[in-house]
Amino acid sequence: MDFHDLYGLVLIWAFPVCCVSQNDDTSFPFVEPKSCSLTEFFNSASLQCNACGPNQSRSPSGLQCVCNPGFTVRDLGSPAVQCSFCTGVVSLDRRRCLQCIDGNENCSCRAGQTQVNNLVNDTVSCVTCPVTTVGRSTGSTCVLCQETFYAVAQSCTCPGGNLAGGLCFNDTQSADVGGIKLPNSFWYTTYLDSSFLSCTIYNNLTACQLLTNMVILNPEVLNFKAYILYEKAASLPVPPLYLPQLFYSSDPAVLLGQRAPQGLVFQRNTKISFKIARYDASGHFLGWQDVTGGTLQLCPDTQKRLDAAYQFGTTYQQSCSVQVSELLLRFPEPLFYELFLQYQDSQGVQRVWPVPVRNLNLERNSPGGSRDLRRFFLVDGLAGRPQSLTEQPQYVTYLSSLVLSVYLPTSNPGQIPPFQLAVEYSRVSDATNSPAQILFAVTYSMNEASMKRSTTVALGVLGSISVFLALLETSSWSRRAGEQYITMTTVVKFIAFLIGNLANTFFLVTFGTGIYWLIAFKGQRGTVGVALPSAGGMVETDFIIYLSLAFAFKALQLIHVLVVQVTISIFFIDWEKPAHTGQTAGRKQSQAPSVSAWRTFFVANEWNEIQVVRKLSPLLQLFAVLLVLQVIGVENIAARDLNLDLQPGATNYQAPWSPILQYGITAAVWLGVGLVQVLFFVVIYEHFVEDKIRQFVDLCAVSNVSVFILMHRCYGFYIHGRSVHGRADIGIEAMHANLRREEENLCALRGLEANSDVQTFEFLLTEKVRYQLDRIILPLTEAAGARLRSAAEGTLVQTMKAYHNMNRFLSSFFEHVHKDMDYIVKDKLFLEKIMNYEFQQPVEKSIFYNDPDGIVFSKVLYYSSELILLLFDTLLFCIISLGSQNAVLAAILTYVIQQVLEFLRYYISRRNLSSKTLVDQRFLI
């Protein structure tokens, strides 16, 4: 590179031009150099057309003015030159007006001769051009030395101390900034001072661009010499006319959004039209360029995937590792860019708006913060050369992160601009073997304060309801447990109920959030005005926290429910009377006649089998969810774009998934499949195939065995299984005859009360009844866990005596034998059913509430906990899926955890059943 040719500089004469650095209007009409008129030039500082002076016209490049024929030119590098009329002959370089000495008016030379400009007496002669002290030969003509030498010394020799960067100045002291050291860079030490002097003294446009580039080349701090010189130039009483605008706005107090155009609207999936103004390292304007895939992206990929970055509404993220040597091959010299948004205003005029650039390096290193810039670069290996421009750089600076942020709505920007570029640079010292980690991303965001406020309000309202419900449930439990005062157990129960309700609250908030954004974002059809919560933003962070709390609380609620279910007290009441024969006459009083235990064992075994019966199949649930999510491809809707493609092509760019959308879709699919299963099970399967819960009630009636269950101290459930035929320990012929009589209505109804077929009840016991039960059950409690085959003889006799006493007491209790411990049967009020709360306390008589549906006792089974189990499974699958981004792994782990919980529930319930009913576990198969 010939740096003498870099600066062709001449003194400028003043005429009106646009001063970009002093202009706060950041939007302007889009102009190309070729669109300027013949009397205008393209100002690469303001990127607009400016008028040429008198007797001037546009140059072929359109970037400067040239003098008309017959005029000499004085050019110090400014696009605006000074033209003077020549009464003689204009020299070949158009810089001097000369007279012919051979009488040839046109100063034309004969063959074999060369025109020589004699600058001593301003004459032209036709001789062989010698190399003189006032000129140098180019092979065909003699040309003048660098113009700044003549501007200062009128010779090819610059006075000592006035030479800087190959240029000559009257005074170089103005570039002294008080001892601030320059980086160890040949580029800075050679051309920084000369660029400042040429820009401020000669209004050299290229020098002004070079000075600005040198500021940008140091991305870490602004407090160094290049920036100080730039600020010094900008603060002069008459600033340079062509000093580019370094910052987005000249007034740091003005909000960036206030400089953005109004009324910008974008349709879904339309291409964002960006333009970049390019400059080389020396400050030459390289022209406008459309921003397409690969223009600013350093990571390689297919053109289709790269272009997806500028599809409006598509969140884009691309990262890679590239060798620094490859970057230097692609960018042997740094190129500088200014990014503009191109749009059409209401008058149909194409305009461009400069996109502000945040330099994250400067923000970290500037305690008071930094202002947004206008210019950036991708790769720099120039500043790291300490001795010459041909040596290998000691360090390379590259753009490690470029993030284009789009802030919605774009039509009415507030404090934040609709588009903003965030750049971050890294530096490596080994340019041959070092890998460069590069990130390019496009993000969309909007004001999240209103979203957070809405979520907070929802949590506040639902949380208040949760507290009220927890108080109601605690009050109900306290009445059912016979608690008269607030104890530590009451507090623990309140916390347990509150955790369960808060789990539902957090689930509703998170699920509602996911469905809302799924509809609000993906449902946009016209103008796009809604963006998903930004990744890592406060809304998404709060969402993850709420989802985690929902899962944790739901797990605790499930544990609480399971603990209650596996610690119930249960007793089987055998109504069968022993057959009195002659063989029993000689037995001792202590050896009372007994009946067969097989009916009780059979009922106990069936009760054990229905412990973990659910209204849906977990295995079928998992397969169906995977089918919908992965095979059909519904999970692809969770992408952060506006597409609804279930099966996007392999060649298309896949936007990252939003955890909010992914959760909303996954939870909706899981709940949808679960709801379909439950409806099928309740409406079709139980009616036409098998209803294990109600069949158990029928089994009790056929077996002549009732089931007495205490869920809490004074609250429980009763299944009336007393046979209407008196005995059930009969032969098969008699059993068939009895069942036929029931089918033909030839016998009484099975209900507890006369003329009633209601066999299931929930009850509240009086304290007197509970006290009597405690007295009877005490020996059973002491012998809890002891097996019949291993129990000591005395303990076994005591246990069997207590068992028979309990059977006799409960039988007599239900036959209204004990007038002081009687009960009444009534229907529960509708409000009591809704609130799960009994308004009436059992003071003198116990209260039994009819259960026409016949399933109220399933509250101690998996069957009635389906909602809790379904929500737990939903949250579990979603949490694993979000964490692993693998639905198959989530399905496997969810199934394993389901089976572990089911096994624990079954195993512990089996032991509890055996210890409470004295049925050996060997009969519970």
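Scroll up for the structure.
Residues numbered from 1 in each chain as written. Predicted model: local features only at pLDDT ≥ 70, side-chain atom pairs only at ≥ 80, totals over all residues. Heavy atoms only, no water.

Student: Got a minute to help me understand the overall build of the protein in this structure?
Tutor: A count of helical and extended segments in the protein gives 21 helices and 32 strands. Taking all 925 residues of the protein together, 52% fall into the buried category. Contacts in the protein between residues far apart in sequence, at least 24 positions, make up 69% of those at least 6 positions apart. Looking at the protein as shown, the accessible area adds up to about 41700 Å², and 57% of this sits on carbon and sulfur atoms. (Helix = DSSP H or I, 4+ residues; strand = E, 2+ residues; numbered from the N terminus. Buried < 20%, exposed > 50% of the residue type's maximum accessible area, 1.4 Å probe, protein only. Contact = heavy atoms within 4.5 Å. Areas by Shrake-Rupley, 256 points an atom, 1.4 Å probe, with all protein chains shown as cover.)

Student: Looking at this model, I keep getting lost on the packing of helix α12 (residues 598-609) against helix α15 (residues 692-703). Mind explaining?
Tutor: For any two helices packed against each other, one specifies the inter-axial angle together with the distance between the axes. Taken N-terminus to C-terminus, the directions of α12 and α15 make an angle of 175 degrees; their axes are 10 Å apart at the nearest point. The angle between α12 and α15 places the two elements in the roughly antiparallel class. Only Phe-696, Leu-699, Cys-700 and Ser-703 of α15 make contact with α12, whose side of the interface consists of Arg-599, Phe-602, Val-603, Glu-606 and Trp-607. A breakdown of the residues in the contact of α12 with α15 according to their chemical character gives six nonpolar, one polar and two charged. (Axes fitted to C-alpha atoms, helices over the stretch in contact; angles between N-to-C directions. Parallel < 35°, antiparallel > 145°, perpendicular 65-115°, else oblique. Nonpolar A, V, L, I, M, F, W, Y, C, P; charged D, E, K, R; others polar.)

Student: I tried to follow the sheet that holds strand β28 (residues 705-710) on my own but got confused; where do I start?
Tutor: Strand pairs in the sheet, formed through backbone hydrogen bonds, run parallel or antiparallel to each other. Overall, mixed pairing links the six strands, which are arranged β27-β28-β29-β30-β32-β31 in an open sheet. At either margin of the open sheet sits one strand with a lone partner, and together these are β27 (569-574) and β31 (823-826). Averaged over all pairs of adjacent strands, the angle between strand axes in this sheet comes to 20 degrees, irrespective of strand direction. Of the strand pairs in this sheet, β28 and strand β29 (residues 715-719) are connected by four bridges, and their pairing is antiparallel. (Pairing = 2+ DSSP bridges.)

Student: What is the right way to look at the state of the cysteines in this model?
Tutor: Put plainly, a disulfide is one covalent bond tying together the sulfur atoms of two cysteines. Tallying each qualifying case throughout the model produces seven disulfides. With its sulfur 2.0 Å from that of its partner, Cys-52 forms a disulfide with Cys-65. Between Cys-52 and Cys-65, the S-S torsion sits near -90 degrees, and that sign places the bridge as left-handed. Here Cys-65 lies in strand β5 (residues 65-67) and Cys-52 lies in the loop between β3 (48-51) and β4 (56-58), a separation of 13 residues in the sequence. (Disulfide = S-S within 2.5 Å.)

Student: Before we go on, may I ask you to explain the nonpolar core in this structure?
Tutor: A general tendency of soluble globular proteins is for nonpolar side chains to be buried together. Core analysis: the largest hydrophobic core is formed by 177 residues, its most contacted members being Phe-274, Phe-376 and Phe-419. Setting aside residues up to four positions removed in sequence, Phe-419 forms contacts with Phe-266, Ile-272, Phe-274, Phe-312, Leu-341, Trp-353, Val-355, Pro-356, Ser-405 and Val-406. Formed by 32 residues, the second largest nonpolar core is a distinct cluster that contains Ile-570, Val-603, Trp-607 and Ile-610. (Core = buried A, V, L, I, M, F, W, Y, C linked by side-chain atoms within 4.5 Å.)

Student: Where do I start with the packing of helix α20 (residues 866-884) against helix α21 (residues 887-917) in this structure?
Tutor: Taken N-terminus to C-terminus, the directions of α20 and α21 make an angle of 140 degrees; their axes are 8 Å apart at the nearest point. Crossing hand, α20 versus α21: right-handed. In this structure, α20 uses Phe-872, Asp-873, Leu-876, Phe-877, Ile-880, Ser-881 and Ser-884 to contact α21, whose residues at the interface are Ala-887, Leu-889, Ala-890, Ala-891, Leu-893, Thr-894, Ile-897, Gln-898 and Leu-901. For the contact of α20 with α21, a count of residues per class yields eleven nonpolar, four polar and one charged. (Left-handed = near helix turned anticlockwise from the far one by under 90°.)

Student: Mind showing me how you'd approach a nonpolar patch on the surface here?
Tutor: Side chains of Leu-675, Leu-679, Phe-680, Val-682, Val-683, Ile-684, Phe-688 and Val-689 sit close together on the surface and give an oily, nonpolar patch of about 770 Å² of accessible area. Structurally, Leu-679 is set in helix α14 (residues 659-688). Under the relative-accessibility criterion, Leu-679 is labelled partly exposed at 47%. (Patch = residues over 30% accessible without salt bridge, like charges linked within 9 Å, V, L, I, M, F, W, Y side chains within 5 Å. Salt bridge = Lys/Arg side-chain N within 4 Å of Asp/Glu carboxyl O.)

Student: Which parts of the structure should I look at to understand α21?
Tutor: In an α-helix there are 3.6 residues to a turn, and that puts residues three or four apart on one side. Taking 1.5 Å per residue, 31 residues should reach 45 Å; α21 reaches 44 Å between its end C-alpha atoms and fits that length. You can read the cap of α21 off the contacts: a side-chain oxygen lies 3.1 Å from the backbone nitrogen of Val-888, and it is on Asn-886. Looking one or two places after α21, you find Leu-918, whose phi comes out positive at around 65 degrees. (Expected span 1.5 Å × (residues − 1). Polar contact = N/O pair within 3.5 Å; in protein donor to acceptor, adjacent residues only side chain to side chain.)

Student: Teacher, can you tell me more about unusual backbone geometry here?
Tutor: Most peptide bonds take the trans form, and the phi angle of most residues other than glycine is negative. Between Leu-408 and the following residue, Pro-409, the backbone shows a cis peptide bond with an omega angle of 0 degrees. Structurally, Pro-409 can be placed in the loop between β24 (396-408) and β25 (419-428). Phi is positive for Asn-745, close to 55 degrees, though the residue is something other than glycine. Position of Asn-745 among the secondary structure elements: in the loop between α16 (732-743) and β30 (760-764). For Asn-745, a relative accessible area of 63% puts it in the exposed group.

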